[in-house]
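Chain by chain, the residues run as shown.
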Amino acid sequence: MKRVAILISGGGSNMVALANSMIGDHPARPVVVISNDPKAGGLAKARNLGIATAIVDHREYPNDRNAFEGVLHATLEGYKPDIVCLAGFMRILTEGFTARYEGRMLNIHPSLLPKYKGLHTHARALEAGDAEHGCSVHEVTAALDDGPVLGQARIAIEDGDTPDTLASRLLSLEHQLYPAVLRRFAIGDRAPVYLPISEPIP
Ligand code: GAR
């Protein structure tokens, strides 16, 4: 059974989707949820699911990313994770940290990578006049929102969409995509997952 640590910064809805998927014959189980923000709403959700939680508050290490990452690493290692899932974790990680988890750290990003790395992805897709938008799960490498894409889900952009309507429509697809990728990844299958699965043409 693979041990999965989940890193969050906010509401943790992707964390809940991942945790709820790891039941029955699933090859992995959640062992800890760690937040860099003590106020993250996802912490209470994790506790309610019976998952251990920890807080590593980046504000306790002002201007010292290495110190923050050192404590984050030590905290993670206390739970001996095989896989680390970033799920709305909003801190940039250095190369030194990502190298320690190379090949076993995943992230979900709300854009069709390689488009729109970084922040404000929904607004940027709208501003660009894109016809579609989406989210990607990828392996984490040293470069921000880079690394091999392991799955994507796409939605059409409709007239009248705002960053908020796009974000909420996309979030429900994120909740399908991330568990689907993790389930495969946990058995070493890196073949990309694409959602929604297109209907066969009759
Ligand atoms: C999700 O939309 C996720 O894709 C995004 O933050 C949200 C977290 O929601 N992640 C990033 O922007 C990472 N750069 P959640 O806390 O409800 O899962």
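Quick caveat: nothing in here was measured; it's all calculated off a predicted structure.

Quick notes on the rules
- Residues numbered from 1 in each chain as written.
- Predicted model: local features only at pLDDT ≥ 70, side-chain atom pairs only at ≥ 80, totals over all residues.
- Heavy atoms only, no water.
- Core = buried A, V, L, I, M, F, W, Y, C linked by side-chain atoms within 4.5 Å.
- Buried < 20%, exposed > 50% of the residue type's maximum accessible area, 1.4 Å probe, protein only.
- Helix = DSSP H or I, 4+ residues; strand = E, 2+ residues; numbered from the N terminus.
- Contact = heavy atoms within 4.5 Å.
- Near = heavy atom within 4 Å.
- Polar contact = N/O pair within 3.5 Å; in protein donor to acceptor, adjacent residues only side chain to side chain.
- Areas by Shrake-Rupley, 256 points an atom, 1.4 Å probe, with all protein chains shown as cover.
- Nonpolar A, V, L, I, M, F, W, Y, C, P; charged D, E, K, R; others polar.
- Pairing = 2+ DSSP bridges.
- Axes fitted to C-alpha atoms, helices over the stretch in contact; angles between N-to-C directions.
- Salt bridge = Lys/Arg side-chain N within 4 Å of Asp/Glu carboxyl O.

Q: Account for the nonpolar core, with residues named and values stated.
A: Counting residues in each nonpolar core, the largest one holds 37 residues, and the members touching the most others are Val4, Ile6, Cys85, Leu106, Leu177, Tyr178 and Leu182. It is helix H6 (residues 163-185) that provides the largest number of residues to this core, a total of eight residues. Those residues within four positions of tyrosine 178 in sequence are excluded, and the remaining contacts are Asn14, Leu18, Cys85, Leu86, Ala87, Leu106, Asn107, Ile108 and Val137. With 18 residues, the next largest nonpolar core counts Leu7, Val31, Ile34 and Tyr101 among its residues.

Q: Any chance you could break down the site of the ligand for me, citing the residues and the numbers?
A: Around the ligand lies a shell formed by Gly11, Gly12, Ser13, Asn14, Gly88, Met90, Ile108, His109, Pro110, Leu171 and Glu174. With respect to the ligand, the backbone of glycine 12 contributes an N or O atom lying 2.8 Å from an oxygen atom. Within the side chain of serine 13, an N or O atom sits 2.5 Å from an oxygen atom of the ligand. Protein burial of the ligand: of its 450 Å² of free accessible surface, 82% is covered by the chains. Of all the secondary-structure elements, those providing two or more residues to the shell around the ligand are helix H1 (13-21), strand E5 (105-109) and H6. Looking at side-chain class alone, the shell around the ligand contains four nonpolar, six polar and one charged residues.

Q: If you had to explain the sheet that holds strand E2 (residues 28-35) to someone new, which residues and values would you point to?
A: Taken in spatial order, the eight strands make up an open sheet running E3-E2-E1-E4-E5-E6-E7-E8, and their pairing is mixed. Edge positions in the sheet fall to strand E3 (53-55) and strand E8 (193-195), since each has one partner strand and no second. Strand-to-strand twist of the sheet, defined as the mean angle between neighbouring strand axes without regard to direction, takes the value 20°. For E5 and strand E6 (residues 132-139), the ladder comprises four bridges, and the chain directions are antiparallel. Bridge pairing links isoleucine 108 to valine 137 in E6.

Q: Any chance you could break down the pattern of salt bridges for me, citing the residues and the numbers?
A: This model, assessed by the stated rule, comprises eight salt bridges. Note that arginine 59 is salt-bridged to aspartate 37, the shortest N-O span being 3.5 Å. Linking arginine 59 in the loop between E3 and helix H3 (65-77) with aspartate 37 in the loop between E2 and helix H2 (42-48), this pair joins segments that are 22 residues apart in sequence. Note that aspartate 130 and lysine 115 form a salt bridge whose closest N and O atoms lie 3.2 Å from each other. Placement of the pair is aspartate 130 in the loop between helix H5 (121-127) and E6 and lysine 115 in the loop between E5 and H5, with a sequence separation of 15 residues. Given the relative accessible area of 15%, aspartate 130 is considered buried. When salt bridges that share partners are traced, they join Asp37, Asp57 and Arg59 into one network.

Q: Any details on the pairing of E5? Residues and values, ideally.
A: Among the five residues that make up E5, five are buried, leaving the element largely enclosed by the rest of the structure. Residues of E5 alternate between two faces, with Met105, Asn107 and His109 on one and Leu106 and Ile108 on the opposite face, all of them buried. The pairing of strand E4 (residues 83-86) with E5 spans three bridges and is classified as parallel. For leucine 86, the partnering residue across the bridge sits in E5 and is asparagine 107.

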